[in-house]
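Fold and geometry: a report
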Amino acid sequence: MEIRENIKVYHCNDKQRCEKFLKEDNYLIWSEEDGIWLGSGMYFWDNLANAQYWKGQKKRKTNNRKPLSIVSAHIYIDNLLDLSDINTCNVVDDIWEAYCKTSKKPSQGVKLGEKLNILFKDEDFKKYFSKYTVIRIIGKYNYTPETSLFYYDIKSNRIEPILSAKYIYNVKNSNCIFNKELIRE
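The rules behind these values
Residues numbered from 1 in each chain as written. Predicted model: local features only at pLDDT ≥ 70, side-chain atom pairs only at ≥ 80, totals over all residues. Heavy atoms only, no water. Helix = DSSP H or I, 4+ residues; strand = E, 2+ residues; numbered from the N terminus. Rg over C-alpha atoms; globule rule 2.2 N^0.38 Å. Buried < 20%, exposed > 50% of the residue type's maximum accessible area, 1.4 Å probe, protein only. Contact = heavy atoms within 4.5 Å. Salt bridge = Lys/Arg side-chain N within 4 Å of Asp/Glu carboxyl O. Axes fitted to C-alpha atoms, helices over the stretch in contact; angles between N-to-C directions. Parallel < 35°, antiparallel > 145°, perpendicular 65-115°, else oblique. Nonpolar A, V, L, I, M, F, W, Y, C, P; charged D, E, K, R; others polar.

The next point concerns the overall build of the chain. Secondary structure summary: the chain contains five helices and seven strands in total. Taken from the N to the C terminus, the helices and strands of the chain come in the order β-α-β-α-β-β-α-α-α-β-β-β. For the chain, whose C-alpha radius of gyration is 18 Å, the value lies close to the compact-globule estimate of 16 Å for 185 residues. Taken along the three principal axes of its C-alpha coordinates, the chain extends 50 × 45 × 40 Å. Within the chain, buried positions represent 44% of all 185 residues. For the chain, restricting intrachain contacts to residue pairs at least 6 apart in sequence, the fraction spanning at least 24 positions comes to 74%.

Turning next to the pattern of salt bridges. Throughout the structure, instances matching the rule amount to six salt bridges. In this structure, the salt-bridge partner of Arg158 is Glu160, at a minimum N-O distance of 3.0 Å.

Let us look at the side chain of Thr133. Here Thr133 shows up in the loop between helix H5 (126–129) and strand S5 (134–140). For Thr133, the contacting residues outside a window of four places in its chain are Tyr76, Asn79, Asn170, Val171, Lys172, Asn173 and Cys176.

Structurally, Gln16 is set in helix H1 (residues 15–23). Judged by its relative accessible area of 65%, Gln16 falls in the exposed class. A sequence separation of 98 residues divides Gln16 from Glu114, and the C-alpha atoms of the two residues are 28 Å apart.

Contact geometry for helix H3 (residues 86–103) and helix H4 (residues 112–121): axes closest at 11 Å, N-to-C directions at 70°. It follows from the interaxial angle that H3 and H4 lie roughly perpendicular. Of the residues in H4, those in contact with Val92, Ile95, Trp96 and Tyr99 of H3 are Lys115, Leu116, Ile118 and Leu119. Class assignment of the residues belonging to the contact of H3 with H4 gives a composition of seven nonpolar, no polar and one charged.

Taken by themselves, the reported measurements are silent on function.
Here it is in structure tokens:
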């Protein structure tokens, strides 16, 4: 039996889409994001508290008009494009520069999500990116509530433990998702 590296992740969305995600093996709650995040795909948090935070944000934005759910799943991360790794970021940046040079497009001023969407679709470069089923990055959330367990200063230059850095996962392929469950709150 093959053992593959995986992690449990969480997603918050409207109840209907979450139910469809749980019932259909190949269904992803797809985002067409092309801004500062990780491009198109289904987004996940690395822990329940972050998904609950996101649920609160969605409730606030919709004036609590939509029923929301949180689902969990495990994702295989053996084909991970890890943008929390500076070496990986430098490789992707070099590939982006090569794309811009060959396509004669400007490399500056393009947000990360748009860059990734282009590189995952471009015929010349998707051969490199098609092996990746999941992308990971760390997001900075300055307004994360503090804990009495330890103190940190979000504005400090010190190396210290911190809660405001959040791992975010973008799944590109439903084949890397298993053990889906509804979170009962």
